[in-house]
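Chain by chain, the residues run as shown.
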Amino acid sequence: MGDEFEIDLELCLQTLAKLKQGDFSNFTEIENIESHIQNLKNAISHELSHL
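Residues numbered from 1 in each chain as written. Predicted model: local features only at pLDDT ≥ 70, side-chain atom pairs only at ≥ 80, totals over all residues. Heavy atoms only, no water.

Engineer: I would appreciate a short explanation of the overall build of the protein in the present structure.
Structural biologist: A count of helices and strands for the protein gives 2 helices and 0 strands. Relative to the 2.2 N^0.38 estimate, which gives 10 Å for 51 residues, the radius of gyration of the protein is 15 Å and therefore markedly larger than a compact globule would have. Principal axes of the C-alpha set define a box for the protein whose edges measure 40 × 30 × 10 Å. Across the 51 residues that make up the protein, the buried fraction comes to 0%. (Helix = DSSP H or I, 4+ residues; strand = E, 2+ residues; numbered from the N terminus. Rg over C-alpha atoms; globule rule 2.2 N^0.38 Å. Buried < 20%, exposed > 50% of the residue type's maximum accessible area, 1.4 Å probe, protein only.)

Engineer: Would you explain the environment of Asp23 in this entry?
Structural biologist: Here Asp23 lies in the loop between α1 (9–20) and α2 (33–49). Separated by 25 residues in the primary sequence, Asp23 and Leu48 place their C-alpha atoms 34 Å from one another. In this structure the side chain of Asp23 is engaged in a polar contact, spanning 2.7 Å, whose partner is the side chain of Ser25. (Polar contact = N/O pair within 3.5 Å; in protein donor to acceptor, adjacent residues only side chain to side chain.)

Engineer: Got a minute to help me understand α2 in this structure?
Structural biologist: Residue pairs spaced three or four apart in an α-helix point in one direction, given the helix's 3.6 residues per turn. Spanning 17 residues, α2 covers 24 Å between terminal C-alpha atoms, matching the ideal 24 Å at 1.5 Å per step. In this structure Asn32 caps α2, since a side-chain oxygen of it lies 3.3 Å from the backbone nitrogen of Glu34. (Expected span 1.5 Å × (residues − 1).)

Engineer: Could you clarify how one ought to interpret a nonpolar patch on the surface in this entry?
Structural biologist: A cluster of nonpolar side chains, Leu9, Leu13, Leu16, Leu19, Phe24 and Phe27, forms an exposed patch at the surface whose accessible area comes to about 600 Å². Its location among the elements puts Leu19 in helix α1. The partly exposed category is assigned to Leu19, whose relative accessible area is 35%. (Patch = residues over 30% accessible without salt bridge, like charges linked within 9 Å, V, L, I, M, F, W, Y side chains within 5 Å. Areas by Shrake-Rupley, 256 points an atom, 1.4 Å probe, with all protein chains shown as cover. Salt bridge = Lys/Arg side-chain N within 4 Å of Asp/Glu carboxyl O.)

The values reported here are purely geometric and, on their own, carry no functional implication.
Right, here's the structure in full:
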């Protein structure tokens, strides 16, 4: 896989540190989870079709 699929370890660690502190300030609530999941599936399919 290409660089676009690499995990940013530093960003993951920063996010985990915020969660451990109870800091959810940069997170937003997902109002329609089914729609959100479908949008993610569509985005993944789109990216995979361009490999």
